[in-house]
Amino acid sequence: MENRTLGIIGGTGWLGRAIAEALLESGFIKPDHLLISNRSGVSTFEPGVKLLADNQQLVDLSDIVVLSIRPEQFRELLINARGKLVISLMAGVPAAAISAATGADVVVRAMPNAAVEIRQSFTPWYGVGNLVELDRQWVQRLFECVGSADEVPDEDCIDYLSALSGTGPAFPAMLQMALTNQAVAAGIPLAIAQRAAQGVVVGGGQMLASRDPRQMIESLMAYRGVTAAALRSMADQNIEAIVGRAVQAGAEIARKGM
Ligand SMILES: NC(=O)C1=CN([C@@H]2O[C@H](COP(=O)(O)OP(=O)(O)OC[C@H]3O[C@@H](n4cnc5c(N)ncnc54)[C@H](O)[C@@H]3O)[C@@H](O)[C@H]2O)C=CC1
Ligand SMILES: O=C(O)[C@@H]1CCC=N1
């Protein structure tokens with residue numbers, strides 16, 4: 001299991017590169033068992049990692065192939081991956097379409113997020129085809145190198161979670177911007193507004209790494225003061241429905257296919 005060769009198509013992109021670097025740093029993959037497809041010929045990977053311009057050659061030399069290209073780039077990709085385990089990170093591309101286009105009988109769809117950069121992605125994954133137990137464990141351990149991971153019960157979970165957790169820092173970034181903009185509109189100087197809003201999202205997020213959110217809300221509501229008024233206003237405006245509609249809008253795109 002340890003000596004498998006992994007090829008990443010799109011390994012010079014945002015997710016692909018971060019995952020490749022984490023796999024090497026953690027020792028999960030040795031440099032001479034990692035292949036990266038690279039069209040420019042310029043490498044910043046450590047020595048031993050093989051760069052290949054030819055994707056079919058990469059597939060032929062790999063036991064497992066990660067597709068970390070964009071959905072529209074996948075339409076142009078011509079590879080025969082019959083007999084290989086293909087792991088796709090692409091949003092909105094069903095496993096059946098990946099099998100049909102690549103010939104792979106076993107396809108894992110995984111949905112990390114941009115926090116792979118800091119090894120804090122949550123990555124749900126789902127395997128289609130005969131994914132044996134050893135492969136299952138391997139996939140789980142691979143994504144644990146960039147955070148935490150869970151096998152999910154069906155493929156639709158991947159489409160739904162693409163919008164919920166695949167979006168990674170998008171929801172917190174939007175909240176941070178809204179807090180900043182509102183503070184500036186209320187007359188707070190921009191630099192202070194930015195620091196205050198960042199403190200809420202980053203500092204608050206770090207606390208929630210080890211606290212239960214419901215208990216946190218209850219503890220702060222118990223003051224019956226400022227926080228209670230602010231959170232009650234959000235609840236009155238049905239924040240849950242707003243969040244629900246946002247995730248559904250993203251999931252709809254993933255389900256429709258890209
Ligand atoms: N960036 C994100 O936060 C997330 C991205 N995804 C999915 O991951 C996939 C990759 O996304 P990113 O890394 O953000 O995109 P990216 O655009 O940063 O990376 C794609 C890379 O693939 C390379 N590439 C494209 N076609 C190629 C080919 N035929 N041969 C070799 N290399 C090729 C490009 O040059 C680029 O370096 C997408 O399908 C996206 O849906 C999923 C969850 C989160
Ligand atoms: O927005 C997208 O389509 C990709 C998938 C989830 C995050 N980024």
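Here is what the cut-offs are and how they apply
- Residues numbered from 1 in each chain as written.
- Chains lettered and ligands numbered in written order.
- Predicted model: local features only at pLDDT ≥ 70, side-chain atom pairs only at ≥ 80, totals over all residues.
- Heavy atoms only, no water.
- Helix = DSSP H or I, 4+ residues; strand = E, 2+ residues; numbered from the N terminus.
- Buried < 20%, exposed > 50% of the residue type's maximum accessible area, 1.4 Å probe, protein only.
- Contact = heavy atoms within 4.5 Å.
- Lys, Arg positive; Asp, Glu negative; His and termini not counted.
- Charge placed at Lys NZ, Arg CZ, Asp CG, Glu CD.
- Core = buried A, V, L, I, M, F, W, Y, C linked by side-chain atoms within 4.5 Å.
- Pairing = 2+ DSSP bridges.
- Axes fitted to C-alpha atoms, helices over the stretch in contact; angles between N-to-C directions.
- Near = heavy atom within 4 Å.
- Areas by Shrake-Rupley, 256 points an atom, 1.4 Å probe, with all protein chains shown as cover.
- 1 Å grid on protein atoms, 1.4 Å probe; cavity = no way out; pocket = protein on both sides within 12 Å on 5 of 7 lines; lining within 4 Å.
- Sits in = over half its atoms within 2 Å of the grid points.
- Domains from an automatic or database assignment.
- Left-handed = near helix turned anticlockwise from the far one by under 90°.
- Nonpolar A, V, L, I, M, F, W, Y, C, P; charged D, E, K, R; others polar.
- UniProt positions renumbered as here; feature names shortened; annotations may be inferred.
- Salt bridge = Lys/Arg side-chain N within 4 Å of Asp/Glu carboxyl O.

When helices and strands are counted, the protein chain shows 11 helices and eight strands. Taken over the C-alpha atoms alone, the protein chain extends approximately 65 × 35 × 30 Å along its principal axes. Across the 258 residues in the protein chain, those meeting the buried criterion constitute 39%. Considering only contacts in the protein chain between residues 6 or more positions apart, those separated by 24 or more positions represent 52%. With 21 positive and 26 negative side-chain charges, the protein chain shows a separation of 5 Å between the mean positions of the two kinds.

If you look at the biggest cluster of nonpolar residues, it comprises 33 residues, and the most contacted ones within it are Leu-6, Leu-34, Ile-87 and Phe-143. Counting only elements with at least two residues in this core, the list comes to β1 (6-9), α1 (14-26), β2 (34-37), β4 (64-67), β5 (85-88), β6 (106-110) and α5 (133-144). Per-element tally for this core: the top contributor is α1, with seven residues. Every residue in contact with Leu-6, bar those within four places of it in the chain, is listed here: Leu-23, Ile-29, His-33, Leu-34, Leu-35, Ser-62, Ile-64, Val-66, Trp-138 and Leu-142. Listed in part, the 19 residues of the second largest apolar core include Ile-9, Leu-58, Val-86 and Met-90.

Moving on to the sheet that holds strand β7 (residues 121-128). Remark on secondary structure: sheet strands pair via backbone hydrogen bonds, oriented parallel or antiparallel. The eight strands lie next to each other as β3-β2-β1-β4-β5-β6-β7-β8, forming an open sheet whose pairing is mixed. Looking at strand neighbours, the two that pair on one side only are β3 (50-52) and β8 (147-151), the edges of this open sheet. Taken over all neighbouring pairs, the strand axes of this sheet differ in orientation by 25° on average, direction set aside.

Neighbouring ligand 2 are the residues Ala-91, Ser-162, Gly-166 and Met-258. Taken by itself ligand 2 offers 240 Å² of open surface, and the protein chains cover 48% of this. Structurally, ligand 2 is housed in the second largest pocket.

To continue, consider the environment of Gln-182. Structurally, Gln-182 can be placed in helix α7 (residues 170-185). Overall, Gln-182 belongs to the exposed group, its relative accessible area being 56%. Here the alpha-carbon distance between Gln-182 and Ala-193, two residues 11 residues apart in the chain, equals 8.6 Å.

Another point: the domain arrangement of the protein chain. Structurally, the protein chain comprises domain 1 (6-153) and domain 2 (170-256). Its C-alpha centre places domain 1 at a distance of 33 Å from the equivalent point of domain 2.

Here we take up the packing of α7 against helix α8 (residues 190-207). For the pair α7 and α8, the least separation of the axes is 8 Å and the interaxial angle reads 145°. By crossing handedness, the relation of α7 to α8 is classed as right-handed. The residues of α8 that touch α7, namely those facing Pro-172, Leu-175, Gln-176, Leu-179, Thr-180, Ala-183 and Val-184, are Leu-190, Ala-193, Gln-194, Ala-197, Gln-198, Val-200 and Val-201. Tallied by class, the residues present in the contact of α7 with α8 amount to 10 nonpolar, four polar and no charged.

As annotated by UniProt and renumbered to match this structure, "domain: Pyrroline-5-carboxylate reductase dimerisation" (unreviewed entry) occupies residues 155-255. The span residues 155-255 carries 80% helix and 0% strand; its end-to-end C-alpha distance comes to 10 Å.

On inspection of all chains with the given rule, the structure shows seven salt bridges. Of the charged contacts in the structure, one is a salt bridge between Glu-25 and Arg-119, with a shortest N-O distance of 2.8 Å. Of this pair, Glu-25 sits in helix α1 while Arg-119 is found in the loop between β6 and β7, placing the two residues 94 residues apart along the sequence. Residue Arg-109 pairs with Asp-159 through a salt bridge whose shortest N-O separation is 2.9 Å. Linking Arg-109 in strand β6 with Asp-159 in helix α6 (residues 155-164), this pair joins segments that are 50 residues apart in sequence. Here Arg-109 matches Asp-159 in class, with each residue buried.

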